[in-house]
Number of protein chains: 2
Amino acid sequence: MTSPNRQLVLQSRPKGMLAPGDLQLKETPLPELQEGQALAKVKYLSIDPTMRIWMAMDSYLPAVAIGEVMRSLGFAEIVESRHPDYKKGDRVSGLTGLQEYVVLDSKASHSLLQKVPKIPFVSDTVFLGVLGLNGLTAFFGMEIAQPKKGETLVVSAAAGATGSVVGQIGKIHGCRVVGIAGSDEKCAWITKDLGFDAAINYKHPDWKTKLAAATPNGIDIDFENVGGEIMETVLGRMNLHGRVVVCGLISGYNKEDPGLASFANVLVKRLRVEGFIVLDYASRFMEAGTQLAQWKMFGKIKDRETIVEGLEKTPDAINMLFTGANTGKLIVKV
Amino acid sequence: MTSPNRQLVLQSRPKGMLAPGDLQLKETPLPELQEGQALAKVKYLSIDPTMRIWMAMDSYLPAVAIGEVMRSLGFAEIVESRHPDYKKGDRVSGLTGLQEYVVLDSKASHSLLQKVPKIPFVSDTVFLGVLGLNGLTAFFGMEIAQPKKGETLVVSAAAGATGSVVGQIGKIHGCRVVGIAGSDEKCAWITKDLGFDAAINYKHPDWKTKLAAATPNGIDIDFENVGGEIMETVLGRMNLHGRVVVCGLISGYNKEDPGLASFANVLVKRLRVEGFIVLDYASRFMEAGTQLAQWKMFGKIKDRETIVEGLEKTPDAINMLFTGANTGKLIVKV
């Protein structure tokens, strides 16, 4: 094997948005495959807000070390195998890292890449979105939210890969679903195509008034992906005994944690606020994936992708998450 | 009836601590008792942080109106009765208001004052503390906390009427219990008399280091009575899947809600944060009261009182809650 592997290596921990050089493109010769190894070519990379946390600090996973290939999810295809479990042409999804090739090793204590089937009429990238961690996050987060028919659900980052599935699961449960997103185009997508009852563009100056008008019976569930002022405003409209699922706080990842200016609503309204990380539910991924696949097949869950071409464009793609430039699942085609 | 009723009436909504004149002493002639009414003489008033909220704004109860007798809990004795359910000498506990006499009316849709028994060797004031809302708050809050044997429980305002019971219930459940309080004397009381495993005086400059040393296995339960910097610091030491019972946020009642400078711990540590108000559990007060009375009788729960003499001293007593001048239950003897 003589072709080199192109990799994005973490060179410095970003302050705010990613700066040129935080991720450094590096060429490494591909190793000769040993007995028990397989080589997979990475086709698609999943671009997720949590990557910004992995670059910055230890959290629910250790921070990526300086000099290491940046951690990411991705979809890949086996191109050569001396591994007992994989053969050429097998398709895998999981922790590929930001690189063109990944070596699978049978001696590793557990595989980070799972074989996935070819689903007719469905793009392979579904394993990075609706049938990947985004769909699973929406599924288990909504389990924590305990939606009841007729309740009002508000989801922030509603046109994102997770938020868009959350709202559609809310509709399946019979909730009134209101999404908060950052452009009129995104708002049109989630109401017209995904069936949300209302959408609020938080960049409009009167968005708080519009949120109030769209939630005439208050808010029972806040599925929170953003934090900061958006969360603050939603908490102000929560009903007694409302549930707040803290799935993400993207407004804080690029700066000092903005915190919450007011915490009194939690007490006065007896809210239940619960932080969760989907990896805690790993033992139930199969169960959830089956349900999500069924919803996807029957058209109950629709999706959209924003695709950026070229591994070298990945740093820009990550920054797009924080400027809101993507609609639906953000993917880098390697 | 010719003797006047002395009452404290809400004259202006306090900013920060109570100022002279926020509560105005007023003499009103006592009305002639009508058929169906009873007159009770108030013996003791319960002084609670939540009164500061009732003065300021609508919350879980409507704010007290300007010109109205200030709402409070108290203990009273029937001195005259034309009411079918009460006779002279009956002892009652409930919403007396800050006044010397209270009229009970059978036409009122529900009575705000419950008859209570005389318990041998126990002061009547127990119905304002361990067997009153403080004890009930500790009881139901600890139900939300779901303490398990060997877990670490931290309670703030630990030498207060609620916090002191919370810690003792934690010991009954087999937890390691660490209290946070505002003086060495309070810390000595909760460790030596009440059996807390450790106590931290948050006025010592190195209290955060001491809290860390006292919680070597992290913190599983935060029973939060204070909020602000204390809550912030405790959240920083929470274990994965810890529970935060938000019972009070006294640090914020006298100023703008201090909020939370950091909210990321809730997400990263998958905390469950739950606000609660004991009134939601009214249907189960009898069950909890029975258990608390048993614990009290068998010496599993001990208490202490700080008693201020004279209705006119009530505004100073309310301010004592915020300067931390009381240990245990704060009571005004009328």
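Look up: the structure comes first, before these words.
Notes on the structure in this doc start here.

Thresholds, definitions, all that
Residues numbered from 1 in each chain as written. Chains lettered and ligands numbered in written order. Predicted model: local features only at pLDDT ≥ 70, side-chain atom pairs only at ≥ 80, totals over all residues. Heavy atoms only, no water. Helix = DSSP H or I, 4+ residues; strand = E, 2+ residues; numbered from the N terminus. Rg over C-alpha atoms; globule rule 2.2 N^0.38 Å. Buried < 20%, exposed > 50% of the residue type's maximum accessible area, 1.4 Å probe, protein only. Areas by Shrake-Rupley, 256 points an atom, 1.4 Å probe, with all protein chains shown as cover. Lys, Arg positive; Asp, Glu negative; His and termini not counted. Charge placed at Lys NZ, Arg CZ, Asp CG, Glu CD. Phe/Tyr/Trp six-rings, centres within 6.5 Å; stacked < 30°, edge-to-face > 60°. Lys NZ or Arg CZ within 6 Å of the ring centre and 35° of its normal. Axes fitted to C-alpha atoms, helices over the stretch in contact; angles between N-to-C directions. Parallel < 35°, antiparallel > 145°, perpendicular 65-115°, else oblique. Left-handed = near helix turned anticlockwise from the far one by under 90°. Contact = heavy atoms within 4.5 Å. Nonpolar A, V, L, I, M, F, W, Y, C, P; charged D, E, K, R; others polar. Pairing = 2+ DSSP bridges. Buried area = accessible area lost by both parts, 1.4 Å probe. Salt bridge = Lys/Arg side-chain N within 4 Å of Asp/Glu carboxyl O. Polar contact = N/O pair within 3.5 Å; in protein donor to acceptor, adjacent residues only side chain to side chain. Core = buried A, V, L, I, M, F, W, Y, C linked by side-chain atoms within 4.5 Å. Arc of directions from axis to C-beta. 1 Å grid on protein atoms, 1.4 Å probe; cavity = no way out; pocket = protein on both sides within 12 Å on 5 of 7 lines; lining within 4 Å. Points joined across faces, edges and corners; volume = space filled by probe spheres on them.

A tally of regular secondary structure across chain A gives 9 helices and 15 strands. Over its C-alpha atoms chain A spans a radius of gyration of 20 Å, differing by no more than 12% from the 20 Å that the globule rule assigns to 334 residues. The principal-axis extent of the C-alpha atoms belonging to chain A is close to 65 × 40 × 35 Å. Within the span of chain A, comprising 334 residues, buried residues form 57% of the whole. By element, 55% of the accessible surface of chain A is carried by carbon and sulfur atoms, the whole surface being about 14,100 Å². Of the charged side chains in chain A, 38 are positive and 36 negative, and the gap between their average positions amounts to 4 Å.

Here the structure, examined in full by the defined rule, presents 12 aromatic pairs over all chains. Ring plane angle 45° and centroid distance 6.4 Å describe the contact between Tyr44 of chain B and Phe75 of chain B, whose orientation is recorded as tilted. Linking Tyr44 of chain B in strand 3 (residues 37–46) with Phe75 of chain B in strand 4 (residues 73–81), this pair joins segments that are 31 residues apart in sequence. Residue Tyr44 of chain B shares its accessibility class with Phe75 of chain B, and that shared class is buried. Pairing Phe140 of chain B with Tyr281 of chain B gives two aromatic rings, centres 4.6 Å apart and planes at 20°, and the pair type is stacked. Taken together, the residues Phe140 of chain B in helix 2 (residues 133–145) and Tyr281 of chain B in the loop between strand 13 (272–275) and helix 8 (285–297) connect sequence positions 141 residues apart. An aromatic cluster is built from Phe139, Phe140, Phe276, Tyr281, Phe285 and Trp295 of chain A, whose rings are joined through pairwise contacts. Directly above the ring of Trp54 of chain B sits Arg71 of chain B, whose terminal nitrogen or CZ lies 5.1 Å from the centroid.

This part is about the packing of helix 5 (residues 207–214) of chain B against helix 6 (residues 228–235) of chain B. Residues and elements named next belong to chain B. Close contact between helix 5 and helix 6 brings their axes to 11 Å; oriented N to C, the two are set at 40°. With respect to helix 6, the axis of helix 5 lies oblique. In this structure, helix 5 crosses over helix 6, and the sense of that crossing is right-handed. For the pair helix 5 and helix 6, the contacting residues are Trp207, Lys208 and Leu211 in the first and Glu229, Ile230, Thr233 and Val234 in the second. In terms of residue class, the contact of helix 5 with helix 6 is built from 4 nonpolar, 1 polar and 2 charged.

Hydrogen bonding along the main chain pairs the strands of a sheet, whether they run parallel or antiparallel. If you walk across this open sheet you meet the 12 strands as 10(A)-9(A)-8(A)-11(A)-12(A)-13(A)-13(B)-12(B)-11(B)-8(B)-9(B)-10(B), and the pairing is mixed. Each edge of the open sheet is held by one strand with a lone partner, namely strand 10 (198–201) of chain A together with strand 10 (198–201) of chain B. This sheet shows a mean twist of 15° between the axes of neighbouring strands, independent of strand direction. As paired strands, strand 8 (residues 152–156) of chain A and strand 9 (residues 176–181) of chain A are joined by 5 bridges and run parallel to one another. If you follow Val154 of chain A over to strand 9 of chain A, its bridge partner there is Val178 of chain A. Most of the contacts of helix 2 (residues 133–145) of chain A go to strand 11 (residues 219–224) of chain A, to which it runs at about 145°, and overall it touches strand 8, strand 11, strand 12 (238–246) and strand 13 (272–275) of chain A.

Before going further, it helps to spend a moment on the interface of chain A and chain B. Facing the 29 residues of chain A at the interface are 29 residues of chain B. Between chain A and chain B, roughly 2,500 Å² of surface is buried when both sides are summed, and carbon and sulfur atoms account for 63% of that area. Counting the surface chain A buries against chain B, the share from its top three residues, Phe263, Leu267 and Arg270 of chain A, is 29%. Applying the counting rule to chain A against chain B returns 4 salt bridges. Between Arg270 of chain B and Asp280 of chain A there is a salt bridge whose closest N-O contact spans 2.7 Å. At the junction of chain A with chain B, the criterion picks out 8 residue pairs in polar contact (both at pLDDT 80 or more).

The subject of this paragraph is the pairing of strand 11 of chain A. Residue and element names in this part refer to chain A. Burial within strand 11 is extensive, with 6 of its 6 residues counted as buried. Examined bridge by bridge, strand 8 and strand 11 share 3 bridges and lie parallel to one another. Within strand 11, the residue paired with Val154 across the bridge is Asp222. Of the strand pairs in this sheet, strand 11 and strand 12 are connected by 5 bridges, and their pairing is parallel. Bridge pairing in strand 12 places Ile219 opposite Met238.

Core analysis: the largest hydrophobic core is formed by 120 residues, its most contacted members being Phe263 of chain A together with Phe263 of chain B. Once residues within four sequence positions are removed from consideration, Phe263 of chain B is found in contact with Met231, Val246, Leu249, Asp257, Gly259, Leu260, Phe263 and Val273 of chain A.

In this section: helix 4 (residues 184–193) of chain B. Residues and elements named next belong to chain B. All of the buried residues along helix 4 are Lys186, Cys187, Trp189 and Ile190. Looking straight down helix 4, one finds its buried side chains confined to an arc of 160°; they lie on one side. Where helix 4 is buried, its residues touch helix 3 (163–172), strand 9 (176–181) and strand 10. Once helix 4 finishes, Gly195 follows within two positions and takes phi at roughly 85°, a positive value.

Summed over the entire model, instances satisfying the criterion amount to 2 cavities of 30 Å³ or more. What the largest cavity holds in volume is close to 70 Å³. Taken together, Thr125, Gly129, Val130, Ala161, Ser164, Val165, Trp189, Asp303, Arg304, Glu305, Gly328 and Lys329 of chain B form the lining of the largest cavity. In terms of residue class, the lining of the largest cavity is made up of 4 nonpolar, 4 polar and 4 charged. Looking at the second largest cavity, its volume works out to about 50 Å³. The wall of the second largest cavity is formed by Gly129, Val130, Ala161, Ser164, Val165, Asp303, Arg304, Gly328 and Lys329 of chain A. Considering only residue class, the lining of the second largest cavity consists of 3 nonpolar, 3 polar and 3 charged.

Attention now goes to the environment of Ile301 of chain B. Residues and elements named next belong to chain B. Mapped onto the elements of the fold, Ile301 is located in the loop between helix 8 and strand 14 (305–309). Among the residues examined, Ile301 registers a relative accessible area of 1% and is labelled buried. C-alpha separation for the pair Ile301 and Val177, spaced 124 residues apart in sequence, amounts to 14 Å. Filtering out sequence-adjacent residues up to four positions away, Ile301 remains in contact with Val130, Val165, Gln168, Ile169, Ile172, Leu292, Trp295 and Lys296.

No statement about biological role is implied by the geometric values presented.
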